Amino acid sequence: MNLRRSLVLSGLIMLLTLTLAPSGALAQGGKPDPLHDVSFDQRLDAQVPLDLTFVDEQGRTVQLGDYFGAKPVILQLSYYECPMLCSLVRKGMVDALQDVTLNAGADFQVVNVSIDPQETPMMAANVKAATLSTYGRDGAADGMHFLTGTQDSIDRLADAVGFHYVYDETIDQYAHAAGLVVLTPKGLISRYFFGVEFNPSDLRLGLVESSDNKIGGLTDQLLLLCYHYDPTTGSYTGLVMTIIRVAGVLTVLGIIGMIVMLARKPGGPTPQAG
């Protein structure tokens, strides 16, 4: 755990100290500003372009839409030879999914798209093999997909989900944000989860909600009534305690009001002397 956090901290320091080559808007003086260029903007309910063409880990030409239609999709934008952040995000995703009873392939799809147009299907295949080995569930090979593509396809997908990154050609590395995007079967952006560690319950609820309750069970539907997605934190927050607190306050106020009303009532008839 400490090693992971140290690596993430090192990555953040690198983002702040490296002079990065442009991939987006440039700061004053022609140099990119990592704090401006590297970000993950939430574009909830936006449609991703399903007609984009990529190449899968077996070297086959595919369209992004091939992975949509029936199940929700977890999307990760990364690159396969990333020395730091990308593997941490994948590990965090797999760690969370191992604590989720829903299964890749049967209940949802995972699509990982490389942001490096120079990467090859062989690189994608190697990362897929390692990911499947860690995940360790039957049928997952049909539910996890690792794609490469042209700069145009990568840029269009990255823009659609608000993923902004920059490339440093001097060290051949990308500076980018960390997180996952959950999309509906129709390709609409449903949820964002940021960071390198993910709460299994949040990820499960995000998948269930994105599927329009077509996966999961009654417990998930009840939890979705008790929790709501907070886009500012990229997580689900409980409503139950808030409701209980409000109900408690209203109850106390009602009791106080009743006592005041009873105290103000005039006394009953005065008994007459015998």
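The coordinates are above.
Note that the structure is predicted; figures quoted are calculated from it, not measured. (Residues numbered from 1 in each chain as written. Predicted model: local features only at pLDDT ≥ 70, side-chain atom pairs only at ≥ 80, totals over all residues. Heavy atoms only, no water.)

1. Digging into the sheet that holds strand β5 (residues 109–114)
Part 1 of the reasoning: Here we have five strands laid out as an open sheet, ordered β6-β5-β4-β10-β11, and mixed in their pairing. A single partner strand is all that each edge strand has here, and the edge strands are β6 (144–147) and β11 (189–194). Along the sheet, successive strands turn relative to each other by an average axial angle of 20°, direction set aside.
Part 2 of the reasoning: Set on the sheet, helix α3 (residues 85–98) makes contact with β4 (73–78), β5, β6 and β10 (179–183); between it and β4 the angle comes to about 160°.
Part 3 of the reasoning: Contacts between helix α6 (residues 200–210) and the sheet are confined to β4, β10 and β11, with β11 contributing the most and set at about 170° to the helix. (Pairing = 2+ DSSP bridges. Helix = DSSP H or I, 4+ residues; strand = E, 2+ residues; numbered from the N terminus. Axes fitted to C-alpha atoms, helices over the stretch in contact; angles between N-to-C directions. Contact = heavy atoms within 4.5 Å.)

2. Points about the pattern of salt bridges
Part 1 of the reasoning: Scanning the model with the defined rule gives five salt bridges in all.
Part 2 of the reasoning: A salt bridge links Lys128 to Glu57, with the shortest nitrogen-to-oxygen separation between them at 2.8 Å. Of this pair, Lys128 sits in helix α4 (residues 121–135) while Glu57 sits in the loop between β2 (53–55) and β3 (61–63); the two residues are 71 residues apart in sequence, bridging distant segments of the chain.
Part 3 of the reasoning: Of the charged contacts, one joins Glu209 and Arg191 as a salt bridge, the two residues approaching to 3.1 Å between their closest N and O atoms. Taken together, the positions of Glu209 in helix α6 and Arg191 in strand β11 put the pair 18 residues apart, joining distant regions of the chain. (Salt bridge = Lys/Arg side-chain N within 4 Å of Asp/Glu carboxyl O.)

3. Here's the deal with the packing of α3 against α4
Part 1 of the reasoning: At a minimum axis separation of 10 Å, α3 and α4 run at an interaxial angle of 30°. One way to sum up the angle between α3 and α4 is to call them roughly parallel. Our pair here, α3 against α4, has a crossing hand that is right-handed. Where α3 abuts α4, its residues Arg90, Val94, Leu97 and Gln98 lie against Val127, Thr131, Thr134 and Tyr135.
Part 2 of the reasoning: Considered class by class, the residues forming the contact of α3 with α4 number four nonpolar, three polar and one charged. (Parallel < 35°, antiparallel > 145°, perpendicular 65-115°, else oblique. Left-handed = near helix turned anticlockwise from the far one by under 90°. Nonpolar A, V, L, I, M, F, W, Y, C, P; charged D, E, K, R; others polar.)

4. Observations regarding the packing of aromatic side chains
Part 1 of the reasoning: According to the stated counting rule, one finds nine aromatic pairs in the structure shown.
Part 2 of the reasoning: Where Phe40 meets Phe163, the ring centres are 5.2 Å apart and the plane angle is 80°; that geometry is what we call edge-to-face. Here Phe40, found in strand β1 (residues 39–40), pairs with Phe163, found in strand β7 (residues 163–164); they are 123 residues apart in sequence, far enough to count as distant. Each member of the pair, Phe40 as well as Phe163, carries the same accessibility label: buried.
Part 3 of the reasoning: Ring geometry for Tyr80 versus Phe146: centroids 6.2 Å apart, planes at 55°, classification tilted. Remark: Phe146 occurs in strand β6 and Tyr80 occurs in the loop between β4 and α3; sequence separation between them is 66 residues. Each of the two residues, Tyr80 as well as Phe146, counts as buried. (Phe/Tyr/Trp six-rings, centres within 6.5 Å; stacked < 30°, edge-to-face > 60°. Buried < 20%, exposed > 50% of the residue type's maximum accessible area, 1.4 Å probe, protein only.)

The values reported here are purely geometric and, on their own, carry no functional implication.
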